[in-house]
Amino acid sequence: MRRLMNYIKTRYENPTVIITENGMDDPNIPFMPRSMILKDNKRIQYHHDYLQNLAAAINEDGCNVKGYFAWSLLDNWEWAAGYSSRFGIHYVDRNDNLKRYPKNSALWFKSFLTSSSQ
């Protein structure tokens, strides 16, 4: 990500960049226990590494990044994948009236966004 931001900075004279819909999916495994679904450490690592590189591009290289949006707040229906993938930082239980449960990544984001040391 850092290299890409620097390429955009150099090639396009450092335009304002807003990163939208960035995230990763997990397969929707119907009989996986909820306790396992909520442990999405791979997603935490993905966002941590991505944001760490993005912060370096902004703070060390002067790239003009003004926004970042994680995809997605909730598990949802995806155009290309239907319900076979889950992107959200909140699990949606489709068998229990669409009840939502925060995944570990939601708790990580909350900590990340409220911490000044990240």
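Since this is a predicted model, take the numbers as computed values, not measurements.

Quick look at the environment of Trp108 now. Take Trp108: it is sitting in helix 4 (residues 104–114). Here Trp108 falls in the buried class, since its relative accessible area comes to 17%. For the pair Trp108 and Leu4, spaced 104 residues apart in sequence, the C-alpha to C-alpha distance is 25 Å. Excluding residues within four positions of it along the chain, Trp108 makes contact with Ile44, His47, His48 and Leu51.

Before going further, it helps to spend a moment on the nonpolar core. Counting 16 residues, the largest nonpolar core has Met5, Val17, Ile19, Leu51, Leu54, Val65 and Trp108 as its most contacted members. Of all the secondary structure elements, the ones that give two or more residues to this core are helix 1 (2–11), strand 1 (17–22), helix 3 (41–59) and helix 4. Aside from chain neighbours lying at most four places away, what touches Val65 is Met5, Val17, Ile19, Leu54 and Ile58.

For the rest of this paragraph, the subject is the pairing of strand 6 (residues 99–102). Bridging between strand 5 (residues 90–93) and strand 6 involves four bridges; their strand directions are antiparallel. Bridging from a neighbouring strand, Val92 pairs with Arg100 of strand 6. Between the antiparallel neighbours strand 5 and strand 6 lie five residues, among them Asn97 with a positive phi of about 55°.

If you check which residues of helix 4 are buried, you get Ser105, Ala106, Trp108, Phe109 and Phe112. Down the axis of helix 4, the smallest arc covering the buried residues is 160°, so these residues share one side. Turned more than 90 degrees away from the buried face of helix 4, the exposed residues are Leu107, Lys110 and Thr114. Turning to helix 4, the residues buried within the fold contact helix 3, strand 3 (65–70), strand 5 and strand 6.

It is worth spelling out the environment of Ile8 at this point. Along the chain, Ile8 turns up in helix 1. Counting along the chain gives 56 residues from Ile8 to Asn64, while the straight-line C-alpha distance between them is 9.5 Å. Look past the residues within four positions of Ile8 in its chain and what remains in contact with it is Glu13, Asn14, Pro15 and Val17.

Definitions and cut-offs
Residues numbered from 1 in each chain as written. Predicted model: local features only at pLDDT ≥ 70, side-chain atom pairs only at ≥ 80, totals over all residues. Heavy atoms only, no water. Helix = DSSP H or I, 4+ residues; strand = E, 2+ residues; numbered from the N terminus. Buried < 20%, exposed > 50% of the residue type's maximum accessible area, 1.4 Å probe, protein only. Contact = heavy atoms within 4.5 Å. Core = buried A, V, L, I, M, F, W, Y, C linked by side-chain atoms within 4.5 Å. Pairing = 2+ DSSP bridges. Arc of directions from axis to C-beta.

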